[in-house]
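Descriptive analysis of the structure
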Amino acid sequence: MVKIEIKEKKFNEIKILENINISLYDGEFLSIIGPSGCGKTTLLNIVSSLDKDFVGNINLFSSNIGFVFQDSRLLPWLNIKENLLLISKDKNLETINELLKIVGLEDILETYPKNLSGGMARRISFVRAFVNKPKILFLDEPFISLDYPTATSLKKDFLTLCKKFNTTVILVTHDLSEAIFLSNRILFFSKNPATCIFEYENKNNQEFNLKKIDELKNELLELYPHILEGFL
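Cut-offs and rules
- Residues numbered from 1 in each chain as written.
- Predicted model: local features only at pLDDT ≥ 70, side-chain atom pairs only at ≥ 80, totals over all residues.
- Heavy atoms only, no water.
- Core = buried A, V, L, I, M, F, W, Y, C linked by side-chain atoms within 4.5 Å.
- Buried < 20%, exposed > 50% of the residue type's maximum accessible area, 1.4 Å probe, protein only.
- Helix = DSSP H or I, 4+ residues; strand = E, 2+ residues; numbered from the N terminus.
- Contact = heavy atoms within 4.5 Å.
- Salt bridge = Lys/Arg side-chain N within 4 Å of Asp/Glu carboxyl O.
- Pairing = 2+ DSSP bridges.
- Axes fitted to C-alpha atoms, helices over the stretch in contact; angles between N-to-C directions.
- Phe/Tyr/Trp six-rings, centres within 6.5 Å; stacked < 30°, edge-to-face > 60°.
- Lys NZ or Arg CZ within 6 Å of the ring centre and 35° of its normal.
- Polar contact = N/O pair within 3.5 Å; in protein donor to acceptor, adjacent residues only side chain to side chain.
- Parallel < 35°, antiparallel > 145°, perpendicular 65-115°, else oblique.
- Nonpolar A, V, L, I, M, F, W, Y, C, P; charged D, E, K, R; others polar.

**Here we look at the nonpolar core**
Here is a general trend for soluble globular proteins: nonpolar side chains tend to be buried in one another's company. Ranked by size, the top nonpolar core spans 47 residues in total, and within it Phe 29, Ile 124, Leu 139, Phe 158 and Phe 188 carry the most contacts. At seven residues, the largest contribution of residues to this core is made by helix 5 (residues 148-165). For Phe 188, the residues in contact, after removing those within four places along its chain, are Ile 33, Leu 176, Thr 195, Cys 196, Ile 197, Phe 198, Tyr 200, Leu 220, Ile 227 and Leu 228. Residues Leu 44, Val 47, Phe 138 and Phe 189 belong to the second largest nonpolar core, which totals 23 residues.

Structural data, given as structure tokens:
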């Protein structure tokens, strides 16, 4: 189980996060939604040990973690095979090919990043995140800037990968429909200093049913019309 306790996080004496307490069970998919600039990415950086300047304690059940950012971050001077092998611990091409097949890109190992579309590059970034079969994965708005059909297809492939490896996931997003589609549970954050103001147990069960997703979204916003602004 993942246990996150952040009593306080400051930047230049300005309090960013306060009294954050989160527990996740193995294989759970958690989304975090909050106003822009409230500290969601800072939270990810702390939990993934990119930022250690905070008051609190982080307890991860595994050191095998992955991170997917808002851009692909592929090295342009390496082809796709070289990019993936660079971070692979066992250098197993069979595993890489298996993952590429899941996202429909099994024939591009010799291709360079400059020759990929934005959607293809983002798929490769997800494959890279799963190459070492992470137990915990952190996502910082990885579907942003993709067109709707590409993003939807990638989300479905991503869930396939999560279920294959029983990965525990924390996703930061501004998209409530996205969170309802993907998550088991959603935490809503306030403005700075950010803290959790509402926890939503998602009834969608990771099904891509647009009618059901819209119904749940509208039901939530009807009850809490200002929740996306950071207050109930």
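Once the structure has been displayed, the description carries forward.
**Some remarks on the pattern of salt bridges**
Evaluation of the coordinates by the stated rule reveals twelve salt bridges. Across the pair Lys 10 and Glu 13 runs a salt bridge whose closest N-O atoms are separated by 3.8 Å. Salt-bridge contacts for Lys 15 lead to Glu 18; the nearest nitrogen and oxygen are separated by 2.9 Å. For Lys 15, a relative accessible area of 27% translates into the label partly exposed. One network of salt bridges, in which partners are shared, links Glu 8, Lys 10, Glu 13, Lys 15 and Glu 18.

**Here we look at the sheet that holds strand 2 (residues 14-24)**
Strands sit in the order 2-1-4 across an open sheet of three strands; the sheet is antiparallel. Only two strands of the sheet have a single partner each, and these edge strands are strand 2 and strand 4 (55-59). Taking the axes of each pair of neighbouring strands and ignoring which way they run, one obtains an average angle of 15° across the sheet. Pairing geometry for strand 1 (residues 2-11) and strand 4, over five bridges, is antiparallel. If you follow Lys 3 over to strand 4, its bridge partner there is Asn 59. Each of strand 1, strand 2 and strand 4 is contacted by helix 1 (residues 40-47), which is oriented at about 120° to strand 1, the strand it contacts most.

**Digging into the packing of aromatic side chains**
For the structure shown, the criterion picks out eleven aromatic pairs. When the centroid spacing of 6.2 Å and the interplanar angle of 45° are considered together, the rings of Phe 188 and Phe 198 count as tilted. Separated by ten residues along the polypeptide, Phe 188 in strand 8 (residues 185-189) and Phe 198 in strand 9 (residues 196-201) bring together distant segments of the chain. By way of ring pairs, the aromatic residues Phe 29, Phe 126, Phe 130, Phe 143, Phe 158 and Phe 165 are connected into one cluster. A cation sits over an aromatic face here: Arg 73 above Phe 69, 3.8 Å from the ring centre.

**Some thoughts on the side chain of Asp 51**
With respect to the helices and strands, Asp 51 occurs in the loop between helix 1 and strand 4. Of the polar contacts made by the side chain of Asp 51, one reaches the side chain of Lys 9; its length is 2.9 Å. Within the structure, the side chain of Asp 51 is placed 2.9 Å from the backbone nitrogen of Asp 53, a separation counted as a polar contact.

**Some thoughts on the pairing of strand 8**
Counting buried positions over the five residues of strand 8 gives five, a clear majority of the element. Burial along strand 8 is two-sided: the residues Arg 185, Leu 187 and Phe 189 and Ile 186 and Phe 188 are all buried. Across five bridges, the pairing between strand 8 and strand 9 is antiparallel. In the strand pairing of strand 9, Phe 188 is matched with Phe 198. In this antiparallel pair of consecutive strands, strand 8 and strand 9, the connection spans six residues.

**Focus on the packing of helix 4 (residues 118-130) against helix 5**
Their axes nearest at 11 Å, the elements helix 4 and helix 5 cross at an angle of 10°. Relative to helix 5, the element helix 4 is oriented roughly parallel. Of the residues in helix 5, those in contact with Gly 119, Arg 122, Arg 123, Phe 126 and Phe 130 of helix 4 are Thr 150, Ser 153, Leu 154, Asp 157, Phe 158, Leu 161, Cys 162 and Phe 165. In terms of residue class, the contact of helix 4 with helix 5 is made up of seven nonpolar, three polar and three charged.

**Examining unusual backbone geometry**
That bond from Asn 192 to Pro 193 is cis: its omega, -10°, falls within 30 degrees of zero. Even without glycine at this site, Lys 91 takes up a positive phi of about 55°. Note on placement: Lys 91 falls in the loop between helix 2 (80-87) and helix 3 (93-102). For Lys 91, a relative accessible area of 46% gives the class partly exposed.

These figures come from the coordinates and say nothing about function on their own.
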